[in-house]
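Coordinates in review
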Amino acid sequence: MNTKLRSQIVKYSTENAYIAEHFATAICSTCRSEVFRLVMNEDEGVAVRICTSCEGEHAIGDSNEYLEDVEELYRIECTCDANQFKIMAGVALYEGSEDVRWFYLGCECVKCRLSGVYGDWKNEFIGYQALLDNV
Ligand SMILES: [Zn+2]
Ligand SMILES: [Zn+2]
């Protein structure tokens with residue numbers, strides 16, 4: 001697990017008041033690559049990653065449920081203009097529960113290594129492990 005990226009998500013989420021406690025790294029299920037391009041609509045809580053090795057597309061978390069209604073997905077780019085990332089998701093849970101309260105999506109640019117949270121939204125998925133299994 002990428003500890004630098006994880007600590008970025010923890011820091012960001014602490015400032016947001018819902019602290020991320022569980023994490024998962026995105027890995028392509030087809031070719032096992034960990035480098036992706038990313039498109040997102042933060043307002044709609046939707047993100048899709050595109051594998052840079054096999055071009056496979058995957059809707060992150062529960063994005064598939066909402067993808068149909070989303071008019072526009074925005075391409076994520078680093079401040080260095082590169083657009084290939086390692087991706088990690090973090091979730092904050094309701095207290096004493098396994099249910100998700102808030103979702104964070106962190107990226108690390110593979111070119112310049114800059115990392116940070118590129119999107120976060122309210123997500124009330126029941127059972128966080130299933131959500132993280134689909135990052
Ligand atoms: Zn792939
Ligand atoms: Zn960069």
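Rules of the game
Residues numbered from 1 in each chain as written. Chains lettered and ligands numbered in written order. Predicted model: local features only at pLDDT ≥ 70, side-chain atom pairs only at ≥ 80, totals over all residues. Core = buried A, V, L, I, M, F, W, Y, C linked by C-beta atoms within 7 Å. Buried ≥ 20, exposed ≤ 12 C-beta atoms within 10 Å, placed from the backbone. Helix = DSSP H or I, 4+ residues; strand = E, 2+ residues; numbered from the N terminus. Contact = placed C-beta atoms within 7 Å. Pairing = 2+ DSSP bridges.

Description of the nonpolar core
- Residues Leu38, Ile87, Ala89, Val91, Tyr104 and Leu105 are the most contacted members of the largest nonpolar core, which totals 31 residues.
- Of all the secondary-structure elements, those providing two or more residues to this core are helix H1 (3-15), strand S2 (36-41), strand S3 (46-51), strand S6 (85-93), strand S7 (100-109) and helix H2 (128-132).
- Here this core gets seven residues from one element, more than from any other, and that element is S7.

Focus on unusual backbone geometry
- In this structure, Arg32 is a non-glycine residue whose phi angle is positive, near 70°.
- Along the chain, Arg32 falls in the loop between strand S1 (22-25) and S2.
- The exposure class of Arg32 is exposed, given the 10 C-beta atoms found within 10 Å.

Quick look at the environment of Cys112
- Looking at the secondary structure, you find Cys112 in the loop between S7 and strand S8 (115-122).
- For the pair Cys112 and Cys80, spaced 32 residues apart in sequence, the C-alpha separation works out to 7.1 Å.
- Beyond its immediate sequence surroundings of up to four residues, Cys112 is in contact with Cys78, Cys80 and Ala82.

Quick word on the pairing of S3
- Across six bridges, S2 lies against S3 in antiparallel orientation. Across the sheet, residue Val39 finds its bridge partner in S3, namely Val48.
- Alignment of S3 against strand S4 (residues 57-59), held across three bridges, turns out to be antiparallel. Counterpart to Val48 in the pairing with S4 is Ala59.
- What sits between S3 and S4 in their antiparallel hairpin is a turn of five residues, with Glu55 showing a positive phi close to 65°.

Some words on the environment of His22
- Structurally, His22 is set in strand S1.
- Accessibility expressed as a C-beta count within 10 Å gives 15 for His22, which makes it partly exposed.
- Residues His22 and Met40, 18 residues apart in the sequence, show an inter-C-alpha distance of 21 Å.
- When near neighbours in sequence (up to four residues on either side) are disregarded, His22 contacts Gly90, Val91, Tyr128 and Leu132.

Any link to function would need more than the numbers given here.
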